[in-house]
Structures are given as C-alpha cells and as structure tokens.
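Reading the structure
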Amino acid sequence: MERFCEKQRGYTLCLSYSAERISSEVERLASAISTDYEGKALLLIVVLKGAIFFAADLARLIRCPIVMDFVKISSYEGTKSTGTITITKDCEIAVAGRHVLVVEDIVDTGLTLSFLLARLHAEGPLSLKVCTLIDKKGHRKVDVIPDYAGIVCEDGFLVGYGLDLDEQYRQLPAIYEVQ
Ligand code: 5GP
C-alpha cells in the first residue's frame, strides 16, 4: 500500500500509525491494565522523554488509583543505539511494596528495559510489569517481553507522538517512519 510521505526539516517522514490508530491502542491497553489491577494502586514509572505523550494519554484512561514517577535512561544518539546505557534522572518515589508498571515508548533491542527492570526489581516492588506503545521485535538482543504492548512492528526508525530524532518531531500527533 502506498504511504503518505512528506519532507519535514531535512528528513522524509512516511506515515506509519495514524492518531486514530494510536488512540485505539491506548484505549485497549488502558482497559486491560484497569481490569488487571482492579482494587490495587499502581505506580507508573514513565521513561522520559519518548513516553510522555503515551503516558499522559494512558494514565487518564486507567481506572485505578495511580501515582506517577519519571526516569530518564538513554542509549540512543540520532537513529542508532550506542549500547551505553546512562541514567540521567532516577525515580523519586520508593518502589518497594508497590505495584509498578513501567511505561515505555518503544522496546527495541530490549537493553534499556532489562537494565531498568533489574534496578527496579532489586528495590523490592510487589509486582513489576511493562507497558510499551511499540514493541519493535526485529532488533531484540535480550529476551524481554512487554506485558502490555500496543503496536508490534519489525523495523524502521519512528518519530512522532513523543518519539524524536535529535529532539525533533516529538509533537507530531501521528507516528512516522524516517526514510
Ligand atoms: P532499546 O534499549 O530497547 O534498544 O531502546 C529503547 C529506547 O530507544 C526507546 O525507549 C526509545 O527511546 C529509543 N528508540 C528505539 N527505537 C526507536 C525509534 O524507532 N525511534 C525513536 N525515536 N526512538 C527509538
């Protein structure tokens, strides 16, 4: 199928997932999470910066009590993973004794997530799960399987709805593949 492509600030972006598709995935995920955590309180740990729009939309649809915290973990520069994982902002709310749900934008190689999960696990949460908007299965280097996944795809570098390329394009309401 022919895709809508346009040039924006130096890169050609081709539409991959419309705002409507994203919003129906977010609704589906929020509904599953609300059912699974019924009667429980949840700590959402949002991975900055890419997951901000996703987490904001998801959190507003979850029907159980939540508190939110933010971590910043980076392994990307431009469109390539550097393989070096750095934490630039840590969690502020104690994880011990809470039901924790990590909210990610994309699980790609899985290296970032497995690093974060190991750290959080060591702090003794009651439960620890992952919700990702995009599960990019084609690049996996470690065996991490998100508990909740919206869009499953194989490859391609994506921008929009929080996802950036050198800090550009986060504000786009849909998700595009960079050509
Ligand atoms: P991983 O450690 O799983 O390889 O990388 C996870 C992180 O890399 C994601 O949270 C995201 O920030 C970034 N990332 C991976 N794939 C993409 C992509 O297609 N587009 C953008 N903008 N970031 C990506």
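Below is a summary of the structure that appears in this document. (Residues numbered from 1 in each chain as written. Predicted model: local features only at pLDDT ≥ 70, side-chain atom pairs only at ≥ 80, totals over all residues. Heavy atoms only, no water.)

What about the side chain of K136?
Assignment of secondary structure puts K136 in strand β7 (residues 127–136). Buried charge K136 goes without a salt bridge, the closest partner of opposite sign being D108 at 4.0 Å. Residue contacts for K136: discarding those within four places in its chain leaves I106, V107, D108, C153, E154, D155, G156 and F157. (Helix = DSSP H or I, 4+ residues; strand = E, 2+ residues; numbered from the N terminus. Buried < 20%, exposed > 50% of the residue type's maximum accessible area, 1.4 Å probe, protein only. Lys, Arg positive; Asp, Glu negative; His and termini not counted. Salt bridge = Lys/Arg side-chain N within 4 Å of Asp/Glu carboxyl O. Contact = heavy atoms within 4.5 Å.)

Brief notes about helix α2 (residues 52–59)
All buried positions along α2 are accounted for by F54, A55, L58 and A59. Viewed along the axis of α2, the buried residues span an arc of 120 degrees, placing them on a single side of the element. (Arc of directions from axis to C-beta.)

Overview of the pairing of strand β1 (residues 5–8)
As paired strands, β1 and strand β2 (residues 11–17) are joined by four bridges and run antiparallel to one another. Counted as the bridge partner of K7 is T12 from β2. Turn length for the β1-β2 hairpin, with the two strands adjacent in sequence and antiparallel, is two residues, and the turn residue R9 shows positive phi of about 45 degrees. (Pairing = 2+ DSSP bridges.)

Quick notes on the site of the ligand
Taken together, 17 residues surround the ligand, and among them D105, T109, T112, L158 and D164 come closest. At 2.5 Å, a side-chain N or O of T109 approaches an oxygen atom of the ligand. Coverage of the ligand by the protein amounts to 92% of the 510 Å² it exposes when considered alone. Mapped by element, the contributors of at least two residues to the shell around the ligand are β4 (66–77), β6 (99–107) and α3 (111–121). Per-element tally for the shell around the ligand: the top contributor is β6, with four residues. Classifying every residue of the shell around the ligand gives seven nonpolar, five polar and five charged. (Near = heavy atom within 4 Å. Polar contact = N/O pair within 3.5 Å; in protein donor to acceptor, adjacent residues only side chain to side chain. Areas by Shrake-Rupley, 256 points an atom, 1.4 Å probe, with all protein chains shown as cover. Nonpolar A, V, L, I, M, F, W, Y, C, P; charged D, E, K, R; others polar.)

A closer look at empty space enclosed by the protein
One pass over the structure, following the stated rule, counts one cavity of 30 Å³ or more. By volume, the largest cavity is sized at about 40 Å³. Taken together, V71, I87, D90, L116, R119, L120 and E123 make up the lining of the largest cavity. Tallying contributions element by element places α3 first for the lining of the largest cavity, with three residues. (1 Å grid on protein atoms, 1.4 Å probe; cavity = no way out; pocket = protein on both sides within 12 Å on 5 of 7 lines; lining within 4 Å. Points joined across faces, edges and corners; volume = space filled by probe spheres on them.)

Overview of the pattern of salt bridges
This structure, assessed with the given rule, holds 11 salt bridges. Between R28 and E25 there is a salt bridge; the shortest N-O distance is 2.7 Å. In this pair, R28 and E25 are both assigned in helix α1 (residues 19–36), three residues apart and thus about one turn of the helix distant. Taking relative accessible area as the criterion, E25 reaches 9% and is therefore assigned buried. D164 serves as the salt-bridge partner of R170, at 3.6 Å between the closest nitrogen and oxygen. Classification of D164 as partly exposed rests on a relative accessible area of 22%. Shared partners join several salt bridges into a network, and the residues in it are K49, D164, E167 and R170.

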